[in-house]
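This is what each chain is made of:
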Amino acid sequence: MSLQLSTRRHSLSHIMAQATRMVMGADAKLAIWPDIDTGWYYDIDFGDATLEEAKLKDIEKKMKSIVREGQEFKQFSLSVADARAFTTALGEIYKLEMIEDLAAKWETVIGFYANIGKFHNPVYAGFSYLGEFSTATFIDMCQGPHVQNTSEIPEDSFKIDKLAGAYWHGDSKNKMLTRIYGLAFDT
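Here is a short report on the structure shown in this document. Owing to the predicted nature of the structure, the values given are computational and were not obtained by experimental measurement.

### Some details on unusual backbone geometry
Looking along the chain, the bond that leaves Gly 144 and enters Pro 145 is cis, with omega of 5°. The residue Pro 145 is located in the loop between strand 6 (138–141) and strand 7 (158–167) in this model. If you check the backbone angles, Trp 106 has positive phi at about 75° while not being a glycine. Looking at where Trp 106 falls in the secondary structure, it is placed in the loop between helix 4 (93–104) and strand 5 (109–116). Phi angles above zero are rare outside glycine, and His 169 is one such case at about 60°. Counting through the fold element by element, His 169 comes out in the loop between strand 7 and strand 8 (176–184).

Structure (structure tokens):
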């Protein structure tokens, strides 16, 4: 797999998370999001809501509109304390757990990516430590890499594939999350 394809797949996981939030609402809690050899997946906790197969088409349509919009991916870092405060305020319990794991390994800064688009998400406006990223369209914790602009991803090169269940950390004692798989190739 080429680095470029891997980077596009990873970028698509973030685009899908953004689109999923647009379709399902901001209460969706984001967990992990790797690129894999056929595309990517993202594990998401929808709480009491259920993601129906029919909604996958709506999410894919939103993804295509994000790609057409040409949102920029901008990397930034927060201190562990600010990253904790940010994810706690957003109710991102899985991201907070990952931050705690990184802090236990002596990480002092946490990486994030902001999608900068036409629309500003007002949820980010109240966080002074976000600086210029307080006007972002979408923010997710990540080290990257990502494409520079969503328009670098051909609209016909990806598709949401299927849903599955996945226990947080692969442990059946933990909550079952919804795993959304996507496919991405060069064309």
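Don't stop here, the text continues.
### Focus: the pattern of salt bridges
Taken as a whole, this structure holds nine salt bridges when the rule is applied. Put simply, Asp 43 and Arg 179 hold a salt bridge, and the shortest N to O gap is 2.6 Å. Here Asp 43 is found in strand 3 (residues 39–45), whereas its partner Arg 179 is found in strand 8, with 136 residues between them in sequence. Summarising the burial analysis for this pair, Asp 43 and Arg 179 share the class buried. Here Lys 175 makes a salt bridge to Asp 45, at a shortest N to O gap of 3.2 Å. Of the two residues, Lys 175 is situated in the loop between strand 7 and strand 8 and Asp 45 in strand 3; the sequence distance between them amounts to 130 residues.

### Quick notes on the sheet that holds strand 4 (residues 72–79)
Strand order in the open sheet formed by three strands is 4-5-6, and the pairing between neighbours is antiparallel. The open sheet has two free edges, formed respectively by strand 4 and strand 6, since each of these has just one partner strand. Averaged over all pairs of adjacent strands, the angle between their axes in this sheet comes to 25°, without regard to strand direction. Taken together, the four bridges between strand 5 and strand 6 define a ladder with antiparallel strand orientation. What sits directly across from Ala 114, in strand 6, is Ile 139. The sheet strands contacting helix 3 (residues 80–89) are strand 4, strand 5 and strand 6, and the helix crosses strand 4 at an angle near 115°. Contacting strand 5 and strand 6, helix 4 runs over the sheet at an angle of about 40° to strand 6.

Conventions and cut-offs
- Residue indices follow the written sequence of each chain, beginning from 1 at its first position.
- Totals for whole chains, interfaces and linings use all residues, but because this is a predicted model, local features are given only for residues with pLDDT of at least 70 and pairs of side-chain atoms are given and counted only at 80 or more.
- To obtain the side-chain values, all non-hydrogen atoms of the structure were used and water was disregarded.
- The numbering of helices and of strands both runs from the N terminus, where a helix is a DSSP run of H or I of at least 4 residues and a strand a run of E of at least 2.
- Every case where a carboxyl oxygen of Asp or Glu lies within 4 Å of a side-chain nitrogen of Lys or Arg is listed as a salt bridge.
- Accessible area is worked out with a 1.4 Å probe on protein chains only. A residue is then buried under 20% of its type maximum, exposed over 50%, and partly exposed in between.
- Criterion used throughout: strands pair if DSSP finds at least two bridges between them.
- Working convention: axes come from line fits to C-alpha atoms, limited for helices to the stretch in contact. Angles between N-to-C directions cover 0 to 180 degrees.
- The contact criterion used throughout is that any non-hydrogen atoms of two residues lie within 4.5 Å.

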